[in-house]
Amino acid sequence: MADSDSVKHLVRITNCLQTILDLESQLEKLEHGNSLLDEFAVLKSFLEKIDKVELSERDVERIEKATSNFLKELEGPLNRQAGRKKAGRRLQ
């Protein structure tokens with residue numbers, strides 16, 4: 001694989017992992033979010049070592065798809081959480 005391809009793959013994978021890690025504070029507020037938070041330590045560790053991993057285009061596409069699916073699965077719970085938060089702020 002060309003060096004520029006490696007850099008592109010690294011950037012794409014880093015973006016996926018960082019996108020998931022950016023949700024950490026929101027997941028802390030979800031009822032079952034703590035079970036996911038345990039996995040964040042693994043993601044953080046992997047992100048620190050990602051530059052040493054050889055990834056193919058197929059690997060990167062698979063991780064991007066998994067990230068997209070994960071974000072879609074979280075839409076409902078995060079939207080419900082946001083709705084509850086807004087409902088709690090209403091003036092009666």
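See above for the structure.
As a starting point, this report considers the structure included with it. Computed from a predicted structure; not experimentally measured.

What counts, and where the lines are drawn
- Residues numbered from 1 in each chain as written.
- Predicted model: local features only at pLDDT ≥ 70, side-chain atom pairs only at ≥ 80, totals over all residues.
- Heavy atoms only, no water.
- Helix = DSSP H or I, 4+ residues; strand = E, 2+ residues; numbered from the N terminus.
- Expected span 1.5 Å × (residues − 1).
- Bend = angle between axes of the 7 residues up to and from the residue.
- Buried < 20%, exposed > 50% of the residue type's maximum accessible area, 1.4 Å probe, protein only.
- Contact = heavy atoms within 4.5 Å.
- Arc of directions from axis to C-beta.

### Overview of helix α3 (residues 33–49)
One turn of the α-helix equals 3.6 residues, which is why residues spaced by three or four share an orientation.
So, point 1. Taking 1.5 Å as the rise per residue, α3 with 17 residues should run 24 Å; its terminal C-alpha atoms sit 25 Å apart, in good agreement.
So, point 2. Of all bends in α3, the biggest is about 25 degrees, found at E39.
So, point 3. Those residues of α3 that fall on the buried side of the exposure criterion are G33, L37, F40, L43 and L47.
So, point 4. Each element contacted by the buried residues of α3 is listed here: α1 (3–21) and α2 (24–27).

### A look at α1
So, point 1. A rise of 1.5 Å per residue sets the reference length of α1, with its 19 residues, at 27 Å; its end C-alpha atoms lie 27 Å apart and thus fit the reference within 8%.
So, point 2. All of the buried residues in α1 are H9, I13, C16, L17, I20 and L21. On an axial view of α1, the arc spanned by its buried residues comes to 135 degrees, and they lie on one face. For α1, the exposed residues set more than 90 degrees away from the buried face come down to D3, K8 and V11.

Purely geometric numbers; function is a separate question.
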